[in-house]
Amino acid sequence: RLAAERKQRGNTLVAGGHLLMADAEYEQALRYLVFMPHPEEGQVPLIDEALLAVHLNLAATKLRLGMEEKAIKHANDALAKQPDSTKAHYRLGQAYTQLGKTSLAEHHLERAEKCAAGDEASLAGIRKERERLKRRVEKHARDRKRAAQRMVSGGSTEGESEGKARRRRAPRAREARAAVAQAAV
């Protein structure tokens, strides 16, 4: 009962945008569930179901707070309770996308898609996350290409000739030489 109250408070706080306080409520709910002394026989499945929900909620809040490693831990804990959890795989995909671990992100998003077969709302969210991952990979490739071009061209930017880049850098070089000469006098 106490865990359910904490979880509900956390849900209300998330809806209000109070992520840190919601995270604290979910953590407290998790403690109540984990440290429940001597549950009765019929309570065990209910506790497992509540643990799954709390771990998934914690993964979501940790992601939104920028704590990807902790989100991964909670999503994996949720997978330990339910290996075919669409949300757990989706949260792992989100966390790995944010960390730039594209192959792991793609793996978990694929698994989430398989687990969500038939659930159009979940599939739409998964497709959106896969598109975000694709854009991130493309941006990374463009950035690497630009960096390689700058290395080859001696620091000129895209579309800038070497002579133009040298003229752009020349005033700074003259100032630096003048400062060295002034210091030597």
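Residues numbered from 1 in each chain as written. Predicted model: local features only at pLDDT ≥ 70, side-chain atom pairs only at ≥ 80, totals over all residues. Heavy atoms only, no water.

Engineer: I tried to follow the pattern of salt bridges on my own but got confused; where do I start?
Structural biologist: For side chains of opposite charge, pairing can occur when their charged atoms come near one another. Applying the stated rule across the entire model yields twelve salt bridges. Asp23 is the salt-bridge partner of Lys62, the closest N and O atoms lying 2.9 Å from each other. Taken together, the residues Lys62 in helix H3 (residues 43-64) and Asp23 in helix H2 (residues 19-34) connect sequence positions 39 residues apart. Across the pair, Asp23 and Lys62 agree in class, each one buried. The partner of Asp77 in a salt bridge is Lys73, with the nearest N and O atoms 2.4 Å apart. Pair noted here: Asp77 and Lys73 are both in helix H4 (residues 68-81), with a separation of four residues, about one helical turn. With relative accessibility at 25%, the residue Asp77 sits in the partly exposed group. (Salt bridge = Lys/Arg side-chain N within 4 Å of Asp/Glu carboxyl O. Helix = DSSP H or I, 4+ residues; strand = E, 2+ residues; numbered from the N terminus. Buried < 20%, exposed > 50% of the residue type's maximum accessible area, 1.4 Å probe, protein only.)

Engineer: What should I look at first to understand helix H7 (residues 120-153) in this one?
Structural biologist: The end-to-end C-alpha separation of H7 is 49 Å, in line with the 50 Å expected for 34 residues at 1.5 Å each. Taken together, the buried residues of H7 touch helix H5 (86-99) and helix H6 (102-115). (Expected span 1.5 Å × (residues − 1). Contact = heavy atoms within 4.5 Å.)

Engineer: Just checking my understanding: could you explain the packing of helix H1 (residues 2-15) against H2 for this structure?
Structural biologist: Helix packing geometry: the angle between the two helix axes and the distance between the axes. Two elements in contact, H1 and H2, have axes whose closest approach is 8 Å; the angle formed by their N-to-C orientations is 165°. Here H1 lies roughly antiparallel to H2, going by the angle between them. Considering how the two elements wind past one another, H1 and H2 form a crossing that is left-handed. Between H1 and H2, the contacting residues are Leu2, Ala3, Arg6, Lys7, Arg9, Gly10, Asn11, Leu13 and Val14 on the first element and Leu19, Met21, Ala22, Glu25, Tyr26, Gln28, Ala29, Tyr32 and Leu33 on the second. Each residue belonging to the contact of H1 with H2 can be placed in one class, and the counts come to eleven nonpolar, three polar and four charged. (Axes fitted to C-alpha atoms, helices over the stretch in contact; angles between N-to-C directions. Parallel < 35°, antiparallel > 145°, perpendicular 65-115°, else oblique. Left-handed = near helix turned anticlockwise from the far one by under 90°. Nonpolar A, V, L, I, M, F, W, Y, C, P; charged D, E, K, R; others polar.)

Engineer: Help me out: how do you make sense of H5 in this one?
Structural biologist: Owing to its 3.6 residues per turn, the α-helix brings residues three or four apart onto one side. With 14 residues, H5 extends 20 Å between its outermost C-alpha atoms, agreeing within 8% with the 20 Å of an ideal straight helix rising 1.5 Å per residue. Burial analysis of H5 places eleven of its 14 residues in the buried class, which makes it a mostly covered element. Of all the residues in H5, the buried ones are Thr86, Ala88, His89, Tyr90, Arg91, Leu92, Gly93, Gln94, Ala95, Tyr96 and Thr97. At its buried positions, H5 is contacted by H3, H4, H6 and H7. Backbone geometry just after H5 places Gly100 at a positive phi near 80°.

Engineer: Honestly, the side chain of His108 in this entry has me stumped. Any pointers?
Structural biologist: Considering the arrangement of structural elements, one finds His108 in helix H6. Take His108: its relative accessible area is 10%, and that puts it in the buried class. If we skip the residues at most four places from it in the chain, His108 touches His89, Leu92, Gly93 and Tyr96.

Engineer: How should the environment of Glu69 be read in this particular structure?
Structural biologist: Here Glu69 lies in helix H4. Of the residues examined, Glu69 reaches a relative accessible area of 51% and is grouped as exposed. The spacing of Glu69 and Leu92 is 23 residues in sequence and 9.7 Å in space, taken between C-alpha atoms. In this view, Glu69 contacts Leu99 and Lys101; residues no more than four positions away in its chain are not counted.

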